[in-house]
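# Architecture at a glance
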Amino acid sequence: MTSKLIQLTFLDPEQSIQAEPEETIMSALKSASVPIKQACTNGVCGVCLTPLLSGEIDYAQRLPHGLNNREKQNGYFLPCIATCKTDIAIGKPKVRLR
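Residues numbered from 1 in each chain as written. Predicted model: local features only at pLDDT ≥ 70, side-chain atom pairs only at ≥ 80, totals over all residues. Heavy atoms only, no water.

Attention shifts here to the pattern of salt bridges. Inspection of every chain in the model, using the stated rule, returns two salt bridges. Between Glu-56 and Lys-85 there is a salt bridge whose closest N-O contact spans 3.8 Å. A residue pair is termed long-range when its members are at least 10 positions apart, and Glu-56 in the loop between β3 (50-54) and β4 (57-58) and Lys-85 in the loop between β6 (83-84) and β7 (88-90) qualify at 29 residues. Residue classification places Glu-56 among the partly exposed positions, given a relative accessible area of 42%. Across the salt bridge formed by Lys-94 and Glu-71, the nearest N and O atoms sit 3.9 Å from each other. Of the two residues, Lys-94 is situated in the segment after β7 and Glu-71 in helix α2 (residues 69-73); the sequence distance between them amounts to 23 residues. (Salt bridge = Lys/Arg side-chain N within 4 Å of Asp/Glu carboxyl O. Helix = DSSP H or I, 4+ residues; strand = E, 2+ residues; numbered from the N terminus. Buried < 20%, exposed > 50% of the residue type's maximum accessible area, 1.4 Å probe, protein only.)

The following block contains the structure:
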């Protein structure tokens with residue numbers, strides 16, 4: 001498998017980073033020093049809630065318990081447990097860093 005591109009639409013200017021096939025999106029963001037808040041790292045707390053603007057993600061065997069139906073319908077996902085199935089574009093995370 002080849003690495004996937006993550007387009008960061010909320011940065012000015014927009015940037016792209018690479019995510020390795022089995023790497024979580026959170027790990028790729030942290031490795032690239034992209035500011036994003038995290039807490040539990042297992043999909044339960046919802047702190048890392050981020051809008052997925054395009055592309056497909058995969059949770060594999062993990063369940064996104066920190067995501068309610070309304071958030072799912074509005075296109076949010078949890079990068080702490082998600083990997084990229086395709087190249088993706090993401091928006092500004094819901095929780096701001098202080």
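Looking now at the environment of Pro-35. Within the fold, Pro-35 resides in the loop between α1 (25-31) and β3. Since its relative accessible area comes to 42%, Pro-35 is described here as partly exposed. Separated by 32 residues in sequence, Pro-35 and Ser-3 place their C-alpha atoms 21 Å apart.

To continue, consider the sheet that holds strand β5 (residues 76-77). As summarised here, the arrangement of the five strands in space is β2-β1-β7-β3-β5, forming an open sheet in which the pairing is mixed. Strands at the two margins of the open sheet, each flanked by one partner only, are β2 (15-19) and β5. Pairing between strand β1 (residues 4-8) and β2: five bridges, direction antiparallel. Following the sheet pairing, Gln-7 is matched in β2 by Ser-16. (Pairing = 2+ DSSP bridges.)

All right, on to the pairing of β1 then. Hairpin geometry of β1 and β2 is characterised by an intervening segment of six residues between the two adjacent antiparallel strands. Summarising the sheet, β1 and β7 pair through three bridges and their orientation is parallel. Looking across to β7, one finds that Ile-6 is bridged to Ile-88.

Of all hydrophobic cores here, the largest spans 24 residues; its most connected members are Ile-6, Leu-8, Ile-25, Leu-29, Tyr-59 and Leu-78. Looking at this core, the elements with two or more residues in it are β1, β2, α1 and β7. With four residues, the single largest contributor to this core is α1. Beyond its immediate stretch of four places on either side in the chain, Leu-78 contacts Gly-43, Gly-46, Cys-48, Leu-49, Tyr-59, Pro-64, Gly-66 and Leu-67. (Core = buried A, V, L, I, M, F, W, Y, C linked by side-chain atoms within 4.5 Å. Contact = heavy atoms within 4.5 Å.)

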